[in-house]
Amino acid sequence: MSKTLVLVDGSSYLYRAYHALERANLRSASGEPTGAVYGVINMLAKLLVDFPADYCACVFDAKGKTFRDEWYPEYKATRAAMPEDLASQIEPLHECIRALGWPLVMVDGVEADDVIGTLVRQAEAAGMRSIISTGDKDLTQLVTPHVLWVNTMSNERLDADGVKAKFGVPPERIVDYLTLIGDSIDNVPGVDKVGPKTACKWLQQYGSLDEVMAHAADIGGAVGENLRRALDWLPTGRKLVTVKVDVPLECKPEDLKLGKRDTGKLTDLYTRLGFKTMLRDLQNTGKARDDREAGPTDAGPSTFRAYAPPQARIDPLPEAAVFVSTREYETVSDEPALKRWLAAVEKAPITSFDTETSGVDPLTAKLVGVSLSVQPGHAAYVPLAHNYAGAPDQIGVERALTILKPWLENPHKPKLGQNVKFDQHILANHGIALAGVTQDTLLESYVLESHQRHDMDALAMRVLGAKVTSYDEVTGTGAKRIPFEQVDVARAGEYAAEDADVTLQIHAALHPRISGDDKLRYIYESIEIPVREVLYRVERNGVLIDADQLSAQTHELGQKMLDLEARAYTEAGQPFNLNSPKQIAEIFFERKGMPVVKKTPSGAPSTDEEVLARLALDHPLAKMLLDYREISKLKSTYTDKLPRMVNAATGRVHTTYGQTTAVTGRLASNDPNLQNIPVRSAEGRRIREAFIAPKGAVILSADYSQVELRIMAHLSGDQNLLSAFAAGEDIHRATAAEVFGRKLTEVSPEERRYAKTINFGLIYGMSAFGLAQQMGVERATAQSYIQSYFLRYPGVKRYMDETRAQAKETGFVETVFGRRLWLPEIRSAHAGRRGNAERAAINAPMQGTAADLIKLAMIATQKWLDSERLASKIIMQVHDELVFEVPEAEKEKITKQLPELMGGVASLKVPLLVDVGVGPNWEKAH
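Report follows, based on the coordinates. Position numbers for residues count from 1 along each chain, tracking the sequence in the order it is written. In keeping with the model being predicted, local features are shown solely for residues with a pLDDT of at least 70 and side-chain atom pairs are shown and tallied solely at 80 or more, while totals for entire chains, interfaces and linings include all residues. No hydrogens and no water enter the side-chain calculation; it runs on all heavy atoms of the structure.

### Here's the deal with the overall build of the protein
Part 1 of the reasoning: Going along the chain from the N terminus, every DSSP run of H or I of four or more residues is numbered as a helix, and every run of E of two or more is numbered as a strand. A tally of regular secondary structure across the protein gives 38 helices and 22 strands.
Part 2 of the reasoning: Only C-alpha atoms enter the radius of gyration; for comparison, a globular chain is expected to reach 2.2 Å times N to the power 0.38, where N is the number of residues. A compact globule built from 926 residues should have a C-alpha radius of gyration of about 29 Å, and the protein, at 32 Å, falls within 12% of that.
Part 3 of the reasoning: Dimensions of the protein along its principal axes, counting C-alpha atoms only, are 90 × 80 × 65 Å.
Part 4 of the reasoning: The contacts of the protein with a sequence gap of at least 6 include a subset with a gap of at least 24, amounting to 68%.
Part 5 of the reasoning: For the protein, the exposed surface amounts to about 39,600 Å²; the carbon and sulfur share of it is 50%.
Part 6 of the reasoning: In this charge count, Lys and Arg are treated as positive and Asp and Glu as negative; neither His nor the chain ends contribute. A single reference atom marks each charge: NZ on Lys, CZ on Arg, CG on Asp, CD on Glu. The averaged location of the 123 negative side-chain charges in the protein is 3 Å from the averaged location of its 110 positive side-chain charges. Working rule for contacts: check all heavy atoms of both residues, and any pair within 4.5 Å makes them a contact. Under the convention used here, a 1.4 Å probe and the Shrake-Rupley method define accessible areas, while residue burial counts only the protein chains that appear.

The structure is reproduced here in structure tokens:
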């Protein structure tokens, strides 16, 4: 077998590239989607590096029905239609593949699998070795000693032994196995209730499908009965899942040679699709970058698989940084080795470090190991608390931290990590006060492109073009997951050292992009890095709650739910499950004849919150259901849950603030979410009453007043808005006076309410249709209000028009401080997506600036508290509000100083006003 044939399952590549890069939403300058095209091109380039071939081809399904549809009309009938964004990429992908010189094979009436099967068997007959590159398990039936099945995305390579290890049966029994379990993707039924385990058991016991069928009478239980019912179907099922290896083809394996690239055609295609780096490499060298820089090809567990990420025209990052894939990793098992590494980090300009832990709760998890890296390709893992039978000797947590503590707590020794806030908590759990954190790759990624993913796996792929070992690969998933302390030390060492090494390399790639841009450098160095430390302290502080009050409220809410349930039964004329969308829909739309407002993706009438809110205007039952859902959510999310979340060691509830969750820069609160407790309902306000101050202290709330409207006035420069804020007027009353042509004293409460809706609706980019829904008026009336608003505030209209135009040109908008907010859909050909992006373009600068302001306020406030050596502390951040726990002796000083501190973090064209309230609990303070 001296020659090699590589066959690519083109349809498999297409879908895998599309889903892998779907979130990136890559598009050309004209707005056409390009992610799948770019992904497949990269995969093809990488494939030929890993598997040099004498012959190769991309095989695609042709349009139209195949012979299997004649055998079974329901074949693939349940498959969803191909997404529009993917279907539009097929033709340019085919053009690119042909221009790259790849033979492209499609046969009318024949599936790609059958073309591949036929070519593979022809190649074997001609003395060739074949490699099938796909993610389709059906094609493992073709594996022989001369045929290898390869999944480049998961780095799986299955020979005959590999197929048996993965599926429990050898390649020659894959057809029998698939026949028994069926194929839901292709809508091929198997034996009801028979899964992989049962199928393997039967085939191992009886040898083949034919023998299983012959012994059907001997198999007891429900599955035996199901097998007997399926006997007439199984021959057809086997026929459908069997890959044909004898379809007529116009080409032979020997015809499938890689041709010469059509440079002119590729230049046109890459220009049209916006593949700038590929175009540059094509023009400069005639050889694609990914061919040149692909990584090593061995399949060891710690090997990086190069996969250069695609880039849209508006993406701020390079397509891939130069990645150091050579690795010298050390597992440190004794004190002399640890001290040698300590000497290295003491001398290093910056050290990348990471912790491995016993869990994911930052306040309770314990240290299992530490990894360090000071040079790309070099790293160490220090196992400390691995605990399993046969685990090697380890230094131990206490002794290792004694050695590392002077360095960890030294503020003059620069440190780097990926989400260091978590590591800081873990070290604090062991009495270490981490200092000297100057860089965080999680935050670097967020500052550069907040709309992307920022986890290690995604960053390594996007920034370095490297596939790293995932946590799931090391610990398993679901019920089979093991705690990290039970992971084999050697395996843990490869994974953990890789994390520290790759973090160092990601930093080297990202940081120059930030340091070379004054605006982004300010966001990163003056906001995100310092507020990380403040957030750590806020999380550590926690908040005291009155568990007894919450328990009493839980009982009350439960009673209200029962009362609402009884009233709903009476109104409906029958009992029903208030949590069942199906039963609700039957009563609403069939029995009560309510209008169908909208439908679910499956075509059923929707009963979501938006629908209920509209129906509640005319139908009491809908209002009851809305109230029931709100009370149920408050009960399950807060009154039931919060008392159980009290930390046993601190007696407090500790939330985690997500610094990189919202694209606008806003913080997110998780486990528990303290930012979504409603303030408009009495029940929600009672929950806030349970957030209390300890004896001798008070809760203090400091809240920016109408901050987003003030930011709109600053950004738009509209004189009427600026004048209203400068005069200290009620902005909603002032807007009502402008829009409705009234004097301030003549504005009615309803007109003020309308004006408030208009003010906030327009800063969120709301259309006349949306505003009409919010206000409960006709669309024409809402449109007239908008027109009147813009006549009175022409600067706002000008700002909105200019912002939309700028966003379309650059692909992003900015906050007052320079935070860049990317809008990948702003040039989308899809009207709905483009409209959403245009609305986001209007709101994002305001919401993002508000996020920057509250972060700056946290930094300034904490700095002042520290400088004054005050005992007061920040215990919560909720949107535009900071919540403090303040000793009675400091109350007056804090109350006086906070408005000046928070109002002075920025100089806008309008004053920043801060409302301060004090009370024994959060509700009374707010």
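### Describing the pairing of strand β8 (residues 351-357)
Part 1 of the reasoning: Counting buried positions along β8 gives seven out of seven residues, so the element sits mostly inside the fold.
Part 2 of the reasoning: Three labels apply to residues, based on accessible area from a 1.4 Å probe with only protein chains included: buried if under 20% of the type maximum, exposed if over 50%, partly exposed otherwise in between. By the alternation rule, side chains of β8 split into Thr351, Phe353, Thr355 and Thr357 and Ser352, Asp354 and Glu356, which are all buried.
Part 3 of the reasoning: Two strands qualify as a pair provided DSSP detects at least 2 bridges between them. Of the strand pairs in this sheet, β8 and strand β11 (residues 415-417) are connected by two bridges, and their pairing is parallel. The residue of β11 that forms the bridge with Thr351 is Lys415.
Part 4 of the reasoning: Alignment of β8 against strand β9 (residues 367-375), held across six bridges, turns out to be antiparallel.

### Quick look at the packing of helix α5 (residues 90-99) against helix α13 (residues 263-273)
Two packed helices can be described by the angle between their axes and the distance between those axes.
Part 1 of the reasoning: Note on method: axes are straight lines fitted to C-alpha atoms, helices fitted across the in-contact stretch only, with angles between N-to-C directions ranging 0 to 180 degrees. Following both chains from N to C, one finds α5 and α13 inclined at 145°, their axes separated by 9 Å at the closest point. Between α5 and α13 lies a crossing whose hand is left-handed. Between α5 and α13, the contacting residues are Pro92, Glu95, Cys96 and Ala99 on the first element and Lys265, Leu266, Leu269, Arg272 and Leu273 on the second.
Part 2 of the reasoning: Asp, Glu, Lys and Arg are counted as charged, while Ala, Val, Leu, Ile, Met, Phe, Trp, Tyr, Cys and Pro are counted as nonpolar; the rest, among them Gly, fall into the polar class. By residue class, the composition of the contact of α5 with α13 is six nonpolar, no polar and three charged. When the near helix sits turned anticlockwise from the far one by under a right angle, the crossing is termed left-handed; a clockwise turn instead gives a right-handed crossing.

### Digging into unusual backbone geometry
Part 1 of the reasoning: With an omega of 0°, the peptide bond between Asp671 and Pro672 qualifies as cis.
Part 2 of the reasoning: When you line up the elements, Pro672 lands in the loop between β15 (668-670) and α28 (682-689).
Part 3 of the reasoning: Of note in this structure, Asn419 is not a glycine but carries a positive phi near 65°.
Part 4 of the reasoning: Relative to the helices and strands, Asn419 is located in the loop between β11 and α18 (420-428).
Part 5 of the reasoning: Accessibility expressed as a relative area gives 32% for Asn419, which makes it partly exposed.
Part 6 of the reasoning: The phi torsion at Asp671 lies on the positive side, around 50°, for a residue other than glycine.
Part 7 of the reasoning: Secondary-structure assignment places Asp671 in the loop between β15 and α28.

### Re the sheet that holds strand β17 (residues 697-704)
Pairing between the strands of a sheet comes from backbone hydrogen bonds, and it takes one of two forms, parallel or antiparallel.
Part 1 of the reasoning: Pairing is antiparallel in the open sheet, where four strands are placed in the order β20-β21-β17-β22. Two strands bound the open sheet, and with one partner strand each, they are β20 (873-878) and β22 (914-919). With direction set aside, neighbouring strand axes in the sheet form an average angle of 20°.
Part 2 of the reasoning: As judged from the seven bridges shared by β17 and strand β21 (residues 881-887), these two strands associate in the antiparallel manner. Residue pairing for β21: Ala697 is matched across the bridge by Pro887.

### Description of the environment of Arg753
Part 1 of the reasoning: Mapped onto the fold, Arg753 is located in helix α32 (residues 749-763).
Part 2 of the reasoning: Residue Arg753 is classed as partly exposed on the basis of its relative accessible area, which comes to 41%.
Part 3 of the reasoning: Sequence spacing of Arg753 and Arg733 is 20 residues, and the spatial spacing of their C-alpha atoms is 8.6 Å.

### Considerations on helix α7 (residues 160-167)
Part 1 of the reasoning: Taken as a whole, α7 has its buried residues at Gly162, Val163 and Phe167. One side of α7 carries all its buried residues, which in axial view fall inside an arc of 105°. Away from the buried face of α7 by more than 90 degrees, exposed residues Asp161 and Ala165 are located.
Part 2 of the reasoning: Check the buried side of α7 and you find it contacts β6 (156-158), α8 (174-181) and α9 (196-206).
Part 3 of the reasoning: At the exit of α7 stands Gly168, carrying a positive phi of roughly 90°. To obtain the arc, one takes the directions from the helix axis to the C-beta atoms.

### Regarding the packing of aromatic side chains
Part 1 of the reasoning: By convention, a stacked pair of Phe, Tyr or Trp rings (six-membered ring in the case of Trp) has centres within 6.5 Å and planes under 30 degrees apart, an edge-to-face pair has planes over 60 apart, and any other such pair is tilted. The tally for this structure, following the rule as stated, stands at 18 aromatic pairs.
Part 2 of the reasoning: With a centroid separation of 5.9 Å and an interplanar angle of 45°, the aromatic rings of Phe484 and Tyr495 are classed as tilted. Taken together, the residues span a long stretch of sequence, with Phe484 in the loop between α21 (471-475) and α22 (489-515) and Tyr495 in helix α22 at a distance of 11 residues.
Part 3 of the reasoning: Three or more aromatic residues link up through ring pairs in this structure, and these residues are Tyr38, Tyr270 and Phe275.
Part 4 of the reasoning: Should the NZ of a Lys or the CZ of an Arg lie within 6 Å of a ring centre and within 35 degrees of the ring normal, that charge is described as sitting over the ring. The ring of Trp71 has Lys239 lying over it, and the distance from NZ or CZ to the ring centre is 4.3 Å.
Part 5 of the reasoning: A cation sits over an aromatic face here: Lys797 above Phe790, 5.9 Å from the ring centre.

### Focus on α5
Part 1 of the reasoning: For α5, the tally of buried residues reaches seven of 10 residues, placing the bulk of the element in the interior.
Part 2 of the reasoning: Here α5 has its buried residues at Pro92, Leu93, His94, Glu95, Cys96, Ile97 and Ala99.
Part 3 of the reasoning: Considering only its buried residues, α5 is in contact with α1 (10-20), α2 (35-50), β2 (55-59), β3 (104-105) and α13.
Part 4 of the reasoning: Of the residues one or two after α5, Gly101 is the one with positive phi, at around 95°.

### So, the state of the cysteines
Part 1 of the reasoning: Throughout, disulfides are identified as pairs of cysteine sulfur atoms within 2.5 Å of each other. Throughout the structure, instances matching the rule amount to zero disulfides.
Part 2 of the reasoning: Cys251 carries a free sulfur, and the closest cysteine sulfur to it, the one in Cys56, is 12 Å from it.

### Thoughts on the pattern of salt bridges
Part 1 of the reasoning: Salt bridges, as used here, are contacts in which a Lys or Arg side-chain nitrogen is within 4 Å of a carboxyl oxygen on Asp or Glu. Considering all chains together, one arrives at 52 salt bridges under this definition.
Part 2 of the reasoning: Between Glu683 and Lys560 there is a salt bridge, with its nearest N and O atoms 2.7 Å apart. Linking Glu683 in helix α28 with Lys560 in helix α24 (residues 547-572), this pair joins segments that are 123 residues apart in sequence.
Part 3 of the reasoning: In the salt-bridge network here, residues are joined through shared partners; they are Glu32, Glu95, Lys265 and Arg272.

### Side note on the sheet that holds β9
Part 1 of the reasoning: Reading across from one edge, β7-β10-β9-β8-β11-β12 is the order of the six strands in this open sheet, with mixed pairing throughout. Looking at the sheet topology across the chains shown, the edges are occupied by β7 (328-331) and β12 (437-440). Neighbour to neighbour, the strand axes of the sheet diverge by 25° on average, direction disregarded.
Part 2 of the reasoning: Inspection of the sheet shows β11 paired to β12 by three bridges, in the parallel sense. Counterpart to Lys415 in the pairing with β12 is Val437.
Part 3 of the reasoning: Sitting on the sheet, α22 touches β7, β8, β9, β10 (378-383), β11 and β12, and the angle it makes with β9 is about 45°.

### Considering the environment of Cys56
Part 1 of the reasoning: Secondary-structure assignment places Cys56 in strand β2.
Part 2 of the reasoning: With near-sequence residues (within four places) excluded, Cys56 lies in contact with Leu5, Val6, Trp102, Pro103, Leu256 and Leu258.

### Describing the nonpolar core
Part 1 of the reasoning: Core analysis: the biggest nonpolar cluster contains 137 residues, and Phe588, Phe691 and Tyr704 have the highest contact counts within it.
Part 2 of the reasoning: A total of 11 residues in this core trace back to one element, the largest contributor, which is helix α36 (residues 831-867).
Part 3 of the reasoning: Every residue in contact with Phe691, bar those within four places of it in the chain, is listed here: Val543, Leu544, Ile545, Leu642, Leu674, Ile677, Ile699, Met876, Asn921 and Trp922.
Part 4 of the reasoning: Residues enter a nonpolar core if they are buried and are Ala, Val, Leu, Ile, Met, Phe, Trp, Tyr or Cys, with the set joined through side-chain atoms within 4.5 Å. Ranked by size, the runner-up nonpolar core spans 56 residues in total, among them Ala57, Leu178, Leu227 and Ala230.

### A few points about the packing of helix α27 (residues 620-639) against α28
Part 1 of the reasoning: Between α27 and α28, the shortest axis-to-axis distance is 11 Å and the interhelical angle comes to 10°. When the axis of α27 is compared with that of α28, the two are roughly parallel. Here α27 contributes Leu634, Tyr638 and Thr639 to the contact with α28, which in turn contributes Glu683, Gly684 and Ile687.
Part 2 of the reasoning: A class-by-class count of the residues in the contact of α27 with α28 yields three nonpolar, two polar and one charged. For classification, angles of less than 35 degrees are called roughly parallel, those exceeding 145 degrees roughly antiparallel, those between 65 and 115 degrees roughly perpendicular, and all remaining angles oblique.

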